[in-house]
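Understanding the architecture of this molecule
The chain contents come next:
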Amino acid sequence: MSVRVENLSVAYRSHRGDVTAVDDVSFALADGEIMGLAGESGSGKSTIGNALIYLDQRMKATGGTVTVDGRELPISDDRAMRPLRMTEVSLVPQYAMSALTPTRKIGKLITDLLKSHHVKDRDAVLTELRRRLALIGLTEEVLGKYSFELSGGMRQRVTIIMSTLLNPSLLIADEVTSALDVSTQRAVGEMLLEFRDRGYVKSAIAITHDLSILAQIADSIAIMYAGRLAERAPVATIVNEPLHPYTQALIASLPEVGVRHDQVTLTGIPGRPPSLVNPPAGCRFRDRCPFAFDKCLETPPFLQVRPGHSVACWKVSDSRAAVAGRPGQEQAV
Amino acid sequence: MSTLIKFDQVSKLYPATSRAGGLTPALRKVSFELPPGEVISLIGESGSGKTTIGKVLLRLARPTSGTVTFGGKDITAYSQRGLRDYYRDVQGVFQDPFSSYNPIYRVDRVYDMVRGSYFPKVSDSEWSGRVEAALDSVALNPGDVLGKYPHQLSGGQQQRLLIARALLLEVKVLVADEIISMLDASTRVDVLNLLVKLKRQGLAILFITHDLSLGNYVSDRTIILRHGAIVEMGATEKIFANPRHEYTRMLLSAVPELHSKWQHSPLGPVAVAAPALALAPALAQASMLDELTHAEQVVKRDLRAVFGGARAVASGKSQVALALEPPQLREYEPDHLVADPE
């Protein structure tokens, strides 16, 4: 396991007290795995991404550990994290389109990056840079340009090149495709796959609210709801046989090409997520869940129902337990 | 009155953003009509001119040539009062809600301004009732959003506040420019269904998007734009069932779908300093688009050469006019036009 996050909790300081945006989240990524992290805005998905690389002053880790390649990340210690950024953990930020300063040429930004990380053999890295630019269809000319001279897709690709230049073990890609056109989206998605296949990044977490992009590029998907993990499974399982009611509703609300309003009326999920300032006890999806029952007043555990598939839902774990109780039935599940 | 909005041969040139200068043709002789109660999707990539069409309709950009009429009247003729009445009927909601608010005021101010301009005689209680009804129809809880500053709200909340603002005005035409792209999946469909509901009440909607599945779900007719020109337009189901233009097909093939995977063919080894071979088809496609956009920024002649008549320089005129000339649209079947390849 190259990346292991255990019982991670992250809180934001606010004048009304701490707001726990990420609550006891655990997951692991194998080498070469791209995990999609999906959820609504405010679900804590970006907070997880940020916590793994940079806890800013408003945030604090209130519990849990993060291990990358067997080494624990000192996520609460900004100074100790500094040499690990870009080399162990790297981030493509959410607003990558505007992450490049307009006052420096791209080439200058890259030499700054190498300087601040005390890279010894700069020539080797720059040679590798040229190779990677060629790989994704950019010429060396971009190094002599300012960011505003590039199209959105080019800017996004340059940002990913920079984030992965020092071959990080874990890449956190936060909404990298959200602001792009469909054809550019596809190019950037395939670029992530290619970089993973070539080992430029060992594993990656792709954070987005767009499940259909994750269906293309991710190996597994984790669904977050109101600061907690709701479900984690391989992509095909999430898409075809999701178990958590929230995942089911989310999948059902997506329009596919060819679906029109006069043929099928899609439905959203009524209601909204609870406030995280004083979250209600028990399952946080309870108020919006069509299957809620008494037991949902207790917090459901995030349990593995079969290898690689974990769900936090009483309905699911109860029915699985019932099935598992009958001998000989387990295989059929 | 069967047609509410009519675009007739509308062109728009912008100064290019590159250091080399020049002009970018954002729209090239675009013509279409929008009747009441219809949703038209404008689909295209960035630089295709879809947002410019919305801006022209909202009078945020003046067309370089051609006319836009609302109920038979040229919209460029409005001034002062006429313009205020025009905005009572035609409103826009934009892609980026963050830049639609003044950060030093509470978000309610957008409603107060609507009230001050258009409904000064409505009583406080009736007004707050209307605001609550509008917020309710976009699935917002008034207590959660009213009295807050923009930075205290999520993008989705801000966006829905702006749609509610347009609803308060009871507009006839809504320009919805990428309004869905910043919303969560679970509320996206609600906003789409809201648009369908409003359309059934007679609202005409210009739905601008790069997401073909969203455009397909909500619209009656579809216009595919590329480099400022219409390449395919007609009834939505005809275009999606039978896309004729190569560009439309390329766009459709790039749409991520839940149940089918892109064919990703791994790239071979790449030598250092190899000429920029974009090897995967999608990557090649993207960089081809980058280059085309750049190549089209070379129209450097005086605007008068195109539109000025007598003073036009003969050679310059033909060159620029050629660059502005959109591909010819031909009828493939009833209500389905396809452009010649460029």
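In case you missed it, the structure is sitting above this.
Residues numbered from 1 in each chain as written. Chains lettered and ligands numbered in written order. Predicted model: local features only at pLDDT ≥ 70, side-chain atom pairs only at ≥ 80, totals over all residues. Heavy atoms only, no water.

1. Points about the overall build of chain B
Keep this limit in mind: Note on conventions: DSSP H or I runs of at least 4 residues are helices, E runs of at least 2 residues are strands, and numbering of each starts at the N terminus. For every residue, the accessible area obtained with a 1.4 Å probe (protein chains only) is divided by the maximum for its type, and the residue is called buried under 20%, exposed over 50%, and partly exposed between those limits. Note on definitions: a residue-residue contact is assigned when non-hydrogen atoms from the two residues lie within 4.5 Å.
Looking only at helices and strands, one finds 13 helices and twelve strands in chain B. Looking at chain B as a whole, 51% of its 342 residues are labelled buried. Put simply, of all contacts in chain B between residues at least 6 apart along the chain, 66% involve residues at least 24 apart.

2. Observations regarding the side chain of His-210 of chain B
Convention followed: Any N or O atom pair separated by 3.5 Å or less is treated as a polar contact, with the protein-specific requirement of one donor-capable and one acceptor-capable atom, and with residues adjacent in sequence counted only for side-chain atom pairs.
You can see His-210 of chain B is positioned in the loop between strand 8 (204-209) and helix 8 (212-218). On the basis of relative accessibility, which here comes to 10%, the residue His-210 of chain B falls in the buried class. Within the structure, His-210 of chain B has its side chain in polar contact with the side chain of Glu-178 of chain B (distance 2.8 Å). Non-local contacts of His-210 of chain B, meaning those with residues more than four positions away in its chain, are made with Leu-180, Asp-181 and Val-182 of chain A together with Gly-44, Lys-50 and Glu-178 of chain B.

3. Examining the interface of chain A and chain B
Let me state the cut-off plainly: Here the quantity called buried area is the accessible surface, traced with a 1.4 Å probe, that two parts lose on coming together, added over both. Here a salt bridge means any side-chain nitrogen of Lys or Arg lying within 4 Å of a carboxyl oxygen belonging to Asp or Glu. Side-chain classes are defined by residue name, with Ala, Val, Leu, Ile, Met, Phe, Trp, Tyr, Cys and Pro counting as nonpolar, Asp, Glu, Lys and Arg as charged, and the others, Gly among them, as polar.
With 62 residues of chain A at the interface, the matching set in chain B holds 66 residues. Across the chain A to chain B interface the summed buried area is about 5,600 Å²; carbon plus sulfur atoms make up 55%. Scanning the region where chain A abuts chain B turns up zero salt bridges. Run the count over chain A and chain B and you get four residue pairs in polar contact (both at pLDDT 80 or more). At the level of secondary structure, the elements contributing two or more residues to the side of chain A that touches chain B comprise helix 4 (122-135), helix 5 (152-164), helix 6 (182-197), helix 7 (211-217), helix 8 (235-240) and helix 9 (245-252) of chain A. Ranked by the residues each element gives to the side of chain A that touches chain B, the list is headed by helix 6 of chain A, at eleven residues. Here the side of chain A that touches chain B is composed, by residue class, of 25 nonpolar, 21 polar and 16 charged.

4. Concerning the nonpolar core
The condition that has to hold: Among buried residues, those of type Ala, Val, Leu, Ile, Met, Phe, Trp, Tyr and Cys that are joined through side-chain atoms within 4.5 Å constitute a nonpolar core.
Within the largest apolar cluster, 69 residues are counted, with the highest numbers of intra-cluster contacts made by Ile-106, Leu-211, Ile-221 and Ile-223 of chain A. In terms of nonpolar packing, the next biggest core, distinct from the first, is built from 46 residues, Val-259 of chain A together with Tyr-111, Val-131 and Ile-205 of chain B among them.

5. What to know about the packing of aromatic side chains
All names here are of chain B. Formally: The criterion for an aromatic pair is that two Phe, Tyr or Trp rings (for Trp, the six-membered ring) have centres within 6.5 Å, with stacked assigned to planes under 30 degrees apart, edge-to-face to planes over 60 apart and tilted to the rest. The rule for a charge over a ring is simple: NZ of Lys or CZ of Arg within 6 Å of the ring centre, and within 35 degrees of the ring normal.
A complete count under the given rule lists ten aromatic pairs over all chains for this structure. With 5.9 Å between their ring centres and 50° between their planes, Tyr-86 and Tyr-87 make a pair best called tilted. The class of Tyr-86 is buried, set by a relative accessible area of 1%. One aromatic cluster in this structure is built from Phe-70, Tyr-78, Tyr-86 and Tyr-87. Directly above the ring of Phe-119 sits Arg-130, whose terminal nitrogen or CZ lies 5.1 Å from the centroid.

6. Considerations on the sheet that holds strand 6 (residues 89-92) of chain A
Residue and element names in this part refer to chain A. Note the cut-off: Note on pairing: two strands pair once DSSP finds at least 2 bridges between them. To obtain an axis, a line is fitted to C-alpha atoms, over the contacting stretch when the element is a helix, and the angle between two such axes runs from 0 to 180 degrees between their N-to-C directions.
The eight strands lie next to each other as 6-7-8-3-9-10-12-11, forming an open sheet whose pairing is mixed. Each end of this open sheet is capped by a strand with a single partner; those strands are strand 6 and strand 11 (303-306). Strand-to-strand, the axes of this sheet are offset by a mean angle of 25°, without reference to chain direction.

7. Thoughts on the packing of helix 6 (residues 155-168) of chain B against helix 7 (residues 185-200) of chain B
Residues and elements named next belong to chain B. The following threshold applies: Angles are sorted into four bins: roughly parallel if under 35 degrees, roughly antiparallel if over 145, roughly perpendicular if 65 to 115, and oblique for all others.
Close contact between helix 6 and helix 7 brings their axes to 12 Å; oriented N to C, the two are set at 10°. With respect to their mutual orientation, helix 6 and helix 7 come out roughly parallel. Of the residues in helix 7, those touching helix 6 at Arg-160, Ile-163 and Leu-167 are Thr-187, Val-191, Leu-194 and Leu-198. Grouping the amino acids of the contact of helix 6 with helix 7 by side-chain chemistry returns five nonpolar, one polar and one charged.

8. A word on the sheet that holds strand 4 (residues 59-68) of chain A
Residues and elements named next belong to chain A. Taken in spatial order, the four strands of this open sheet run 2-1-4-5, and their pairing is antiparallel. Each edge of the open sheet carries a strand with a single partner, namely strand 2 (19-29) and strand 5 (71-72). Here seven bridges tie strand 1 (residues 3-12) to strand 2, and the two strands are oriented antiparallel to one another. For Tyr-12, the partnering residue across the bridge sits in strand 2 and is Val-19.

9. Digging into a nonpolar patch on the surface
Inclusion rule: Like charges are joined within 9 Å and nonpolar side chains (Val, Leu, Ile, Met, Phe, Trp, Tyr) within 5 Å, but only among residues with over 30% relative accessible area and no salt bridge; these make up the patches. In short, Shrake-Rupley with a 1.4 Å probe defines the accessible areas, and a residue's cover is counted only from the protein chains shown.
A cluster of nonpolar side chains, Tyr-95 of chain A together with Phe-98 and Met-182 of chain B, forms an exposed patch at the surface whose accessible area comes to about 300 Å². By the element assignment, Met-182 of chain B lies in the loop between strand 7 (173-177) and helix 7. Taking relative accessible area as the criterion, Met-182 of chain B reaches 32% and is therefore assigned partly exposed.

10. Considering the pairing of strand 12 (residues 336-339) of chain B
Residue and element names in this part refer to chain B. Pairing of strand 10 (residues 229-235) with strand 12 involves three bridges; the strand directions are antiparallel. Opposite Gly-234, over in strand 12, you have His-336 as the bridge partner. Relative to strand 12, strand 11 (residues 329-333) runs antiparallel, the two sharing four bridges. Note that in strand 12 the partner of Arg-330 across the bridge is Val-338. A loop of two residues connects strand 11 with strand 12, the two strands running antiparallel in sequence, and Asp-335 in this loop sits at a positive phi of about 60°.

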